[in-house]
Amino acid sequence: SPAPPSANSLCFVFTPTGPFTACEANRTAEWVRSGGVLVYASEQGDPELDQVFNVSRINGVVSSSKAIANPILAGVNQVAGADGAIPLDPAGNQVPILRTPGGFVLGFVSSIGSGRVVVLADPLILCNGYLEKQDNGRLLADLLGTDRATVAFDEYHHGLTFSDLSPQAWLLTPWGAGMMWLLVAVFVGLLLRGRSFGPLKPRQVE
């Protein structure tokens, strides 16, 4: 079983592209029960995480570009996210914190043991490009609090592994491809202008 987390530690899990195993999901649940706070935001969810945290989702997509916050979120009235999301179907012990104007639940909080889980149907609400919209930044500030001992991001299940640091991986990114084209352009330009690529070395006499 995992070691008990430090006081007020927080972990973000955004859209797991690498699925959780049953063992990993159970260890995550034990971590929450022993005092951890998990922010689990995913468009479609992870089957194992959904099972251990009793997350139910409604079939279908609803308009979610604007979500109205529950008064329990200090200073948060409305947040902005993706145009559509799969709404949540909270149980009796899961308190809705975000709803669409039509009343569909886009986020809830649930206490589990000594910890709690915040489940969001739309992770874009907390992504960098959306923090300046509506009250998104204030929502993140409320989740972080002021005395977090540790804040962690689960990048392993989000698809970031050591293989992503290989040249083949970064060449597939927009900035990586741009850097490659820049190097090729400089090389071809110097080649066409007859410039040398380094100091001339005299040929050794046989």
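Model, not experiment: these values are computed from the prediction.

> Would you mind showing me how to read the overall build of the protein chain here?
Of regular secondary structure, the protein chain possesses five helices and ten strands. Of all 206 residues assigned to the protein chain, the portion counted as buried reaches 34%. Of the contacts formed within the protein chain by residues at least 6 apart in sequence, a portion of 62% connects residues at least 24 apart. Summed over all atoms, the accessible surface of the protein chain reaches about 12400 Å², with 59% contributed by carbon and sulfur.

> It is not clear to me how the pattern of salt bridges should be interpreted in this structure. Could you clarify?
Once the charged atoms of two side chains with opposite charge are near each other, the side chains can pair. Counting across every chain of the model gives three salt bridges. Between Arg33 and Glu30 there is a salt bridge, with the nearest N and O atoms lying 2.9 Å from each other. Of this pair, Arg33 and Glu30 are both found in helix H1 (residues 22–33), three residues apart, which corresponds to roughly one turn of the helix. Here Glu30 falls in the partly exposed class, since its relative accessible area comes to 40%. A salt bridge links Arg57 to Asp50, with the shortest nitrogen-to-oxygen separation between them at 3.0 Å. Each member of the pair Arg57 and Asp50 is classed as buried.

> Help me out: how do you make sense of H1 in this one?
Side chains of residues three or four places apart in an α-helix project in the same direction, reflecting 3.6 residues per turn. Its twelve residues give H1 an end-to-end C-alpha distance of 16 Å, which sits within 8% of 16 Å, the value for a rise of 1.5 Å per residue. Residues Ala25, Thr28, Ala29, Trp31 and Val32 constitute the buried set of H1. Down the axis, H1 shows its buried residues gathered within 155° of arc, on one side only. Elements that come into contact with the buried residues of H1 comprise strand E1 (10–14), strand E2 (37–41), helix H2 (47–52), strand E8 (105–112) and strand E9 (115–120). Directly beyond the C-terminal end of H1, a positive phi value near 125° is found at Gly35.

> Could you clarify how one ought to interpret the pairing of E9 in this entry?
The side chains of a regular strand alternate, first on one face of the sheet and then on the other. Counted residue by residue, E9 has five buried out of six residues, so it is predominantly covered. For E2 and E9, the ladder comprises five bridges, and the chain directions are parallel. From the neighbouring strand, Ala41 faces E9, where its bridge partner is Leu120. The sheet contact formed by E8 and E9 spans six bridges and is antiparallel. Note on E9: the bridge partner recorded for Val109 is Val118. Linkage of E8 to E9, two consecutive antiparallel strands, is achieved through a turn of two residues, within which Gly113 is found at a positive phi near 60°.

> What is the right way to look at the environment of Leu120 in this model?
Looking at where Leu120 falls in the secondary structure, it is placed in strand E9. By relative accessible area, Leu120 is classed as buried at 0%. For the pair formed by Leu120 and Val109, sequence separation is eleven residues and the distance between their alpha carbons is 8.9 Å. Excluding its chain neighbours within four sequence positions, the residues that come into contact with Leu120 are Val39, Tyr40, Ala41, Ser42, Ile97, Leu98, Leu106, Gly107 and Leu126.

Thresholds applied
Residues numbered from 1 in each chain as written. Predicted model: local features only at pLDDT ≥ 70, side-chain atom pairs only at ≥ 80, totals over all residues. Heavy atoms only, no water. Helix = DSSP H or I, 4+ residues; strand = E, 2+ residues; numbered from the N terminus. Buried < 20%, exposed > 50% of the residue type's maximum accessible area, 1.4 Å probe, protein only. Contact = heavy atoms within 4.5 Å. Areas by Shrake-Rupley, 256 points an atom, 1.4 Å probe, with all protein chains shown as cover. Salt bridge = Lys/Arg side-chain N within 4 Å of Asp/Glu carboxyl O. Expected span 1.5 Å × (residues − 1). Arc of directions from axis to C-beta. Pairing = 2+ DSSP bridges.

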